[in-house]
Amino acid sequence: MRRRDLIAASIAVPAAAAAGAALAGDKPAPGGGSLGIAGVGLPIISGGRVRNYVFVSLRLHLGGSATPESMRLKEAYLRDALVRAGHRTPFVVADDWTLVDTAALSASLMRSSVSIAGRGAVTRVEVISQAPRRRTGVNPG
């Protein structure tokens, strides 16, 4: 294993365990389990410049044979896929730099989850909260 992978894993695993224990989203839902992902920082890029960061908390609704325990091992990969997608094509709301486009974010994470966890492992992505770094409503006009 590469050294940076070991370092990243040693940082991500305790943080993921602490975040998972802090969220009440790890309780099984009536139709299946769910997994909470807290504090993913996504950039708001407009005009080629980073205008703001929005920290989102997500709940992944699991389906099929996926359990919160098995998906917790893949949480770091899901976070990485979400941050990479957020930099590639930002989830920007046209008239507000303090929010992310929840539909685009959910669709992107659903696409990524198929390759990371398998088809049917994640049935729905729910954005629980959005906390912008700068709280002023910025008008790009």
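Above: the structure in question.
Cut-offs applied
The residue count restarts for each chain, going from 1 along the sequence in the order it is written. Under the rules for a predicted model, residues below a pLDDT of 70 receive no local features and side-chain atom pairs below 80 are neither given nor counted, while totals for whole chains, interfaces and linings still include all residues. Where side-chain values are given, they derive from all heavy atoms of the structure, hydrogens and water being excluded. Secondary structure follows DSSP: runs of H or I at least 4 residues long count as helices, runs of E at least 2 residues long count as strands, and numbering of each begins at the N terminus. To estimate the expected span of a helix, count its residues, drop one, and scale the result by 1.5 Å. Working definition: with a 1.4 Å probe on protein chains only, accessible area under 20% of the residue-type maximum means buried, over 50% means exposed, and in between means partly exposed. The directions considered for the arc run from the helix axis to the C-beta atoms. Salt bridge, as used here: a side-chain nitrogen of Lys or Arg that lies within 4 Å of a carboxyl oxygen of Asp or Glu.

Peer 1: Help me out: how do you make sense of helix α3 (residues 75–88) in this one?
Peer 2: Owing to its 3.6 residues per turn, the α-helix aligns residues three or four sequence positions apart on the same side. In a regular helix each residue adds 1.5 Å, so 14 residues correspond to 20 Å; α3 covers 20 Å between its end C-alpha atoms and thus fits that length. Residues E75, L78, A81, L82, A85 and G86 constitute the buried set of α3. One face of α3 carries all of its buried residues, which in axial projection span an arc of 135°. Exposed and facing more than 90 degrees away from the buried side of α3 are Y77, R84 and R88.

Peer 1: Got a minute to help me understand the pattern of salt bridges in this structure?
Peer 2: If the charged atoms of two oppositely charged side chains come close together, the side chains can form a pair. Applying the stated criterion to the full structure yields three salt bridges. Of the charged contacts in the structure, one is a salt bridge between E126 and R59, with a shortest N-O distance of 3.8 Å. With a gap of 67 residues between them, E126 in strand β5 (residues 122–132) and R59 in strand β2 (residues 49–62) connect regions that are remote in the sequence. Taking relative accessible area as the criterion, E126 reaches 26% and is therefore assigned partly exposed. The exposure class of R59 is partly exposed, given its relative accessible area of 23%. Between R79 and E75 there is a salt bridge, with the nearest N and O atoms lying 3.4 Å from each other.

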